[in-house]
Amino acid sequence: ITALYLSNGNFTFKGIHRIGKLLSERTMRTSSIPEFEPKIVREFPTILKFDNNSIPGGIDIGFSTAIKNSKRLVTLSLVKCSLTEDDAISLSKALVSQRSLQRLEIGYNDIGDDGAQHILSSLSTGNGTLLYLDLDCNRLSDATGIAIAQMLEKNDTLTSLSIRHNVIKTSCKTIAAAVVTHVQLVHLLLDGNPASYRDYTAIKDAVRGNELLKEKNQVPLLEKEISGLQQDELDLFDTRQEIRVETARVSTEQQVLQNTRSKQVHVLDELREVEKNLQDEYDFIHENCVSQRRSINAKGIMIASSLSQLGDKLSASRNSSSARVTIEQEKVKKIQQERRQLQQQIDTLREGREERLRPLVEQLAAAEASRQKAQDFAQEMAEELAALQMQARQRLSV
């Protein structure tokens, strides 16, 4: 048996322990039918794939001893096995004395920085055969990036290293310094990390500066991998620039809207002031009209009283001379003329009041129209702002 594929097996701890025990004893039954004599295989398989099985803690109880003692194991794949930091520590102890393993895939687990550092330490101090190491998506940060650089300074066999989809940022420069002198590294996969364009450029320059890789004509291959990352970083940089431009435009629109709202408040204050002035002037004119009306009514009462007295006098002195009657009639006419003049004054006052109120009413109507226009403009600006914010969120999510 040269290869054992047990991916997607949904094993329990009991099954994992049993498989590990069989591997440790280097025995494998090829037949489980009781009637036949089972054939015992004394050699360990060269390929062991156990992907997509949830085995937290399973390395220590199942595989560490088998991996440590195997002299034929070439490929070990434990991708998506929910491995923890303790599993990585157990695996690193087995790797120290391992002398056949060339490919180790433990991506998409949860070993963290401590677990990854133990694995890298075993590659620095003991293991001298591993060619390919996959640490994708393991929550690795810059602490692991520094450990990778330290491992590359001591390890001279690793040709491929994949640390995609982690959170490595500034330590890319430290990795670049180690790449300059490494003698075998050909594949360095970094995409999915939040490193900057300058960090990727530092790694690319380090690759160009590696004289050994140039001699082996392997620089273009590594540069091609990093160039893809640079293009992704440039696209991300362009997107961020667009987001900044949109954010600035939104800020400008918000400022314009704020200014419009301030103008609207100012216009409303002016409208309130005009309305207050109009009300004060109306109250003043109304009080004058009421006062004049009262004065006219008092004069009318006095005139009526005088007319009544005159009537009484005329009735009493009906037999008086005609000259005296004429004088009294002239007085009556004079009083009536004064009354007509007073009435004309009242009419003139009313006309003047209407003339003075008409421009004020027109100003009030114009102010109301301006206020309505400002409210419509503010509504349009608010809708445009909401649309811009939605576009900005969409671009940010992209």
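Just so it is clear, the structure is predicted and the values come from calculations on it, not from any experiment.

A. Focus on the overall build of the chain. Across its full length, the chain holds 10 helices and seven strands. Looking at the chain residue by residue over its 398 residues, the buried ones come to 36%. Sequence-distant contacts, at least 24 apart, represent 85% of the contacts inside the chain between residues at least 6 apart. Just so you have it, the chain exposes about 23700 Å², and 51% of that area is on carbon and sulfur atoms.

B. Representation of the sheet that holds strand E6 (residues 160-162) in the model. Spatial strand order, E1-E2-E3-E4-E5-E6-E7: seven strands in an open sheet with parallel pairing. Whereas interior strands pair on both sides, the edge strands pair on one side only; in this sheet they are strand E1 (3-5) and strand E7 (187-189). Strand-to-strand twist in this sheet, taken as the mean axis angle between neighbours without regard to direction, amounts to 5°. Of the strand pairs in this sheet, E1 and strand E2 (residues 47-49) are connected by three bridges, and their pairing is parallel. Paired with Tyr5 across the strands is Lys49, a residue of E2.

C. Spotlight on the nonpolar core. Counting residues in each nonpolar core, the largest one holds 54 residues, and the members touching the most others are Phe63, Leu76, Leu91, Leu104, Ile106, Leu133 and Leu152. For this core, the secondary-structure elements that each account for two or more residues are helix H1 (13-24), helix H2 (58-69), helix H3 (85-96), helix H4 (112-125), helix H5 (142-154), helix H6 (172-179) and helix H7 (197-208). Setting aside residues up to four positions removed in sequence, Leu104 forms contacts with Leu76, Leu91, Leu95, Ile119, Leu130, Tyr132, Leu133 and Asp134. Residues Val250, Leu257, Met381 and Leu388 belong to the second largest nonpolar core, which totals five residues.

D. Representation of unusual backbone geometry in the model. A positive phi is found at Ser82, a non-glycine position, where the angle reads about 55°. At Arg139, a residue that is not glycine, the phi angle is positive and equals roughly 60°. One can find Arg139 in the loop between strand E5 (132-134) and H5. For Arg139, a relative accessible area of 53% gives the class exposed.

E. Spotlight on the packing of H5 against H6. The N-to-C vectors of H5 and H6 enclose an angle of 5°; their axes lie 8 Å apart at closest approach. If you check the angle between H5 and H6, you find them roughly parallel. Taking contact as the criterion, the partners of Gly145, Ile148, Ala149, Leu152 and Glu153 in H5 are, on H6, Thr174, Ile175, Ala178 and Val179. Across the contact of H5 with H6, the residue classes break down as six nonpolar, two polar and one charged.

F. Region of interest: the packing of aromatic side chains. Evaluation of the coordinates by the stated rule reveals zero aromatic pairs. The ring of Tyr108 is capped by Lys80, whose NZ or CZ atom sits 5.6 Å from the centre of that ring. The ring of Tyr132 is capped by Arg103, whose NZ or CZ atom sits 3.8 Å from the centre of that ring.

G. Local environment of the side chain of Asp136. Here Asp136 shows up in the loop between E5 and H5. Leaving out residues up to four positions away in the same chain, Asp136 has contacts with Gly107, Tyr108, Ser162, Ile163, Arg164 and Asn166.

H. Examining the environment of Asn259 more closely. When you line up the elements, Asn259 lands in helix H9 (residues 219-316). For Asn259 and Ala378, which are 119 residues apart along the polypeptide, the C-alpha to C-alpha distance reads 10.0 Å.

I. Seen up close, the environment of Lys21. Within the fold, Lys21 resides in helix H1. For the pair Lys21 and Phe63, spaced 42 residues apart in the sequence, the C-alpha separation amounts to 8.0 Å.

J. Just the pattern of salt bridges, in detail. In total, this model carries five salt bridges according to the counting rule given. Two residues, Glu105 and Arg103, come together in a salt bridge whose shortest N-O distance is 2.5 Å. On the accessibility criterion, Glu105 (11% relative accessible area) is buried.

K. Focus on a negative patch on the surface. A cluster of like negative charges, contributed by Glu273, Asp280, Asp283 and Glu287, occupies part of the molecular surface. If you trace the backbone, Asp283 turns up in helix H9. What makes Asp283 partly exposed here is its relative accessible area of 30%.

L. Spatial organisation of the packing of H3 against H4. The N-to-C vectors of H3 and H4 enclose an angle of 5°; their axes lie 8 Å apart at closest approach. Classified by the angle their axes make, H3 and H4 are roughly parallel. Residues Glu85, Ala88, Ile89, Leu91, Ser92, Leu95 and Val96 of H3 lie in contact with H4, whose contacting residues are Asp114, Gly115, His118, Ile119 and Ser122. When grouped by side-chain class, the residues that make up the contact of H3 with H4 number six nonpolar, four polar and two charged.

M. Highlighting the confidence of the model for the chain. Averaged over all residues, the pLDDT of the chain is 79; the fraction at 70 or higher stands at 83%. Confidence over residues 27-42 falls short of pLDDT 50; this stretch has 22 contacts with residues more than four positions distant or in other chains.

N. Molecular detail of the side chain of Thr144. As for its placement among the helices and strands, Thr144 is situated in helix H5. On the accessibility criterion, Thr144 (0% relative accessible area) is buried. Thr144 has contacts with Asp113, Ala116, Gln117 and Leu120, leaving out every residue within four places of it along the chain.

O. Structural view of H5. The end-to-end C-alpha distance of H5 is 19 Å, a good match for the 18 Å that 13 residues give at a rise of 1.5 Å each. The set of residues buried in H5 consists of Thr144, Gly145, Ala147, Ile148, Ala149, Met151 and Leu152. Where H5 is buried, its residues contact H4, E6 and H6.

Each value, and the rule that gives it
- Residues numbered from 1 in each chain as written.
- Predicted model: local features only at pLDDT ≥ 70, side-chain atom pairs only at ≥ 80, totals over all residues.
- Heavy atoms only, no water.
- Helix = DSSP H or I, 4+ residues; strand = E, 2+ residues; numbered from the N terminus.
- Buried < 20%, exposed > 50% of the residue type's maximum accessible area, 1.4 Å probe, protein only.
- Contact = heavy atoms within 4.5 Å.
- Areas by Shrake-Rupley, 256 points an atom, 1.4 Å probe, with all protein chains shown as cover.
- Pairing = 2+ DSSP bridges.
- Axes fitted to C-alpha atoms, helices over the stretch in contact; angles between N-to-C directions.
- Core = buried A, V, L, I, M, F, W, Y, C linked by side-chain atoms within 4.5 Å.
- Parallel < 35°, antiparallel > 145°, perpendicular 65-115°, else oblique.
- Nonpolar A, V, L, I, M, F, W, Y, C, P; charged D, E, K, R; others polar.
- Phe/Tyr/Trp six-rings, centres within 6.5 Å; stacked < 30°, edge-to-face > 60°.
- Lys NZ or Arg CZ within 6 Å of the ring centre and 35° of its normal.
- Salt bridge = Lys/Arg side-chain N within 4 Å of Asp/Glu carboxyl O.
- Patch = residues over 30% accessible without salt bridge, like charges linked within 9 Å, V, L, I, M, F, W, Y side chains within 5 Å.
- Lys, Arg positive; Asp, Glu negative; His and termini not counted.
- Charge placed at Lys NZ, Arg CZ, Asp CG, Glu CD.
- pLDDT = per-residue confidence, 0-100.
- Expected span 1.5 Å × (residues − 1).

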